[in-house]
Amino acid sequence: MSDTDQINDSSAPLIEHLAELRTRLIRSVLAFVVAMVACFTVAEPILNFLAEPIADILRQRGENPQLIFTAPQEKFFVLIRISIIMGLGLSFPVIAYQMWRFVAPGLYKSEQNAFLPFIVASPCLFLLGAAFAHYVVTPLAMNFFIGFSDAIPALTSILTGEERVTDDNEIRTVFLGSVRESLDVSLKFIFAFGLCFQLPVLLTLMGKAGLVSADGLKAVRKYAVVGILVLAALVTPPDVITQVILFVVVYGLYEVSIWLVNGVERRRERKLRAEGLWDEDIHGTGTEGDDDEDDKT
């Protein structure tokens, strides 16, 4: 066989992988485009759903639940943005499946079984965090921020000039919510809490890779508390109730992560002991050794 033939044979697998990657990417893009178009047909109800926390606060204040747009194209581009974001979320299972089909052949069976639960758990936890943000955090935050404005019982009549804002001509600050800016606030909360709820997935994966340990996470627990408090102060309004809710939820996820990492370490230890590869000089006494010491005490 000539040198040219050897080079061509060695490059064939690479070309096949690139062709498969192109196919997977094309399918993912098509799924995203179809999902985006489908979401655009229902973008108006989705916008109303995202704006519902603000509408509820306005109703409680005796005001008309309405938002405004200050540019002719503003609402259209808001609907396009909603379609893109929701289309990405709707097509994520297809995109994840295509990426998984591309990567999975290069993994061992045990590695496939290890990663597959996290691929399923990650979007579920994101949806859980997004729901928590929409139904709990956003109403509290909007109530706090809008509470600084003066209440107006009949906003429609004021805008049309049928009646005056006040009888004594004093200056008042009122809330005229912009569609774009109000949506930005809601989406920021959704993404922030959706990412915060990925903490167990991230730490468990790091535990599987040996980058963190349960004992290490317990040792830095006090620093984690400070970090979570700082996070709560940054992503929530200066409202103690909202900050406490976020702290309790994220710290609970941190404790769950410690429990999950501990489970990963126990399974790894049992596997190594069964194969006769556990060396206490290298790996230490392990969790079974800790259990024995607990029994002696």
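All values reported here derive from a predicted model rather than from experimental measurement. Residue numbers here run from 1 along each chain, matching the order of that chain's written sequence. Only residues with pLDDT of 70 or above have their local features reported here, since the model is predicted, and side-chain atom pairs are shown and tallied only from 80 upward, although totals for entire chains, interfaces and linings are computed over all residues. For the side-chain quantities, the full set of heavy atoms in the structure was used; hydrogens and water were omitted.

1. With respect to helix α4 (residues 74-103)
End to end, α4 covers 41 Å across 30 residues, agreeing with the expected 44 Å (1.5 Å per residue, within 8%). Of all the bends in α4, the largest measures some 50 degrees and sits at Phe-92, one to four residues before the proline Pro-93. The rule is simple: take the accessible area with a 1.4 Å probe, protein chains only, and divide by the maximum for that residue type; under 20% is buried, over 50% is exposed, in between is partly exposed. Secondary structure elements are taken from DSSP: a helix is a run of H or I of four residues or more, a strand is a run of E of two residues or more, and numbering for both begins at the N terminus. Listed in full, the buried residues belonging to α4 are Glu-74, Val-78, Leu-79, Ile-82, Ser-83, Gly-87, Ser-91, Ile-95, Ala-96, Gln-98 and Trp-100. Multiplying 1.5 Å by the residue count of a helix minus one yields the expected span of that helix. At every residue, the bend is computed as the angle between two fitted axes, covering the seven residues ending there and the seven beginning there respectively.

2. Points about helix α2 (residues 43-50)
Residues Ala-43, Ile-46, Leu-47 and Leu-50 constitute the buried set of α2. In a view along the axis of α2, the buried residues occupy a sector of 100 degrees, so they form one face of it. What the arc describes is the spread of directions from the helix axis to the C-beta atoms.

3. Comments concerning empty space enclosed by the protein
Only protein atoms enter the 1 Å grid used here, on which a cavity is any set of points holding a 1.4 Å probe that cannot leave and a pocket is any open set flanked by protein within 12 Å on both sides along at least five of seven lines; residues with an atom within 4 Å of a point are listed as lining. Grid points are joined across faces, edges and corners, and a volume is the space filled by probe spheres set on the points. Counted according to the given criterion, the structure contains 1 cavity of 30 Å³ or more. Taken as a whole, the largest cavity encloses approximately 40 Å³ of empty space. As for the largest cavity, its lining consists of Leu-47, Leu-50, Ala-51, Leu-67, Val-179, Ser-182, Leu-183 and Ser-186. Here the lining of the largest cavity takes 4 residues from helix α7 (residues 179-196), the largest share from any one element. Among the residues forming the lining of the largest cavity, the class breakdown is 6 nonpolar, 2 polar and no charged. Each residue is assigned to one class: nonpolar for Ala, Val, Leu, Ile, Met, Phe, Trp, Tyr, Cys and Pro, charged for Asp, Glu, Lys and Arg, and polar for all the others, Gly among them.

4. Description of the packing of aromatic side chains
Aromatic ring pairs are reported here in terms of the distance separating the ring centres and the angle at which the planes meet. Only centres within 6.5 Å qualify two rings of Phe, Tyr or Trp (six-membered ring in Trp) as a pair; their planes then separate them into stacked at under 30 degrees, edge-to-face at over 60, and tilted for everything else. Applying the stated rule across the entire model yields 8 aromatic pairs. On the numbers, 6.3 Å between centres and 70 degrees between planes, the contact of Phe-49 with Tyr-135 is edge-to-face. One end of the pair, Phe-49, is in helix α2; the other, Tyr-135, is in helix α5 (residues 109-146), and 86 residues separate them in sequence. One aromatic cluster is present, formed by Phe-40, Phe-76 and Phe-77 through successive ring pairs.

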